[in-house]
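# Chains, contacts and geometry: an overview
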Amino acid sequence: MKDSTTSSLLTKNKVEKISTEDLLQQQDYMEAIKAFARLTYESVYVIDYEKMAFEYVSENPLFLCGYSPKEVLDLGYEFYFKNVPEKDLILLSLINEAGFDFFAKLPGIEKKHYSITYDFHLISQEGKPMLINHKLTPLFLTGEGKMWKAMCVVSLSHHQQSGNICIYKQGTDELWALDITTKIWKKSEKPKLSKREIEILQLHAQGLTINQIAEKIFVAPDTVKYYRRRIFERLEVNNMVEALSRAVNNKII
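Residues numbered from 1 in each chain as written. Predicted model: local features only at pLDDT ≥ 70, side-chain atom pairs only at ≥ 80, totals over all residues. Heavy atoms only, no water.

Glancing now at the sheet that holds strand E3 (residues 114–123). Pairing is antiparallel in the open sheet, where eight strands are placed in the order E2-E1-E5-E4-E3-E6-E7-E8. Two strands close off the open sheet at either side, each with one partner strand: strand E2 (53–57) and strand E8 (184–189). Here the average twist between neighbouring strands, direction ignored, is 30°. The pairing of E3 with strand E6 (residues 163–169) spans five bridges and is classified as antiparallel. Bridged to Tyr-114 within E6 is Lys-169. Its contacts with the sheet place helix H6 (residues 86–104) against E3, strand E4 (129–141), strand E5 (147–156), E6, strand E7 (174–179) and E8, and it is angled at close to 170° to E3. (Pairing = 2+ DSSP bridges. Helix = DSSP H or I, 4+ residues; strand = E, 2+ residues; numbered from the N terminus. Axes fitted to C-alpha atoms, helices over the stretch in contact; angles between N-to-C directions. Contact = heavy atoms within 4.5 Å.)

Using the criterion set out here, one finds 17 aromatic pairs in the structure. Taking the centre distance of 5.9 Å and the plane angle of 50° together, the rings of Phe-140 and Trp-148 count as tilted. By relative accessible area, which is 34% here, Trp-148 ends up partly exposed. A connected cluster of aromatic rings, assembled from ring pairs, spans Tyr-45, Phe-54, Phe-63, Tyr-67, Tyr-77, Phe-79 and Tyr-80. (Phe/Tyr/Trp six-rings, centres within 6.5 Å; stacked < 30°, edge-to-face > 60°. Buried < 20%, exposed > 50% of the residue type's maximum accessible area, 1.4 Å probe, protein only.)

And the structure:
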């Protein structure tokens, strides 16, 4: 049975030859973006900084605020002005200025390794503020090293307020947090958890209770509670929802 399964995995859809015409499909990067949007619950959109417009907006409803993807696409930057509270628009302006100043100082070849994440409010279709987490990473750079196009991913924030602005470097533990008052980026490292703490976080992510986790890893419930307290301290959060969010954002789990 194993040999049959292995054979099927390796041969069922094996492609023998790619035509020149097929190879040209690689130039249409937008198909990859759309495929990613189909797989995630998060909202995805692409910014074109040459046109100062949106190039793509996914159908995922979180970011749309009741509009259709085409309507958001047509609105472009006007979408922010219509659906972000004044206080958070000021915050976005600050993030934009500080973020691109940071980006401009990076070596050209490394710029694609960096991404930024922050939280701000959108006004829902019912007129209620909704705190979202916004991640942005470069897709294409110009020959001068400026960001030409960027992909953005939007999900619900697990924080209590706007801000929480951080830049991450892919493949490292390095991160920079923006002090909004001084407008200075402060470098630090991603929080580190022990193997046991990561295991307990993963089990919580699966929906297990403290007692179920204790039974699964053969410890007392009080031991699980002890590890939870350590996780909260190391991640600087107050509850498990925030812990899971920070762990995911920091690629700890």
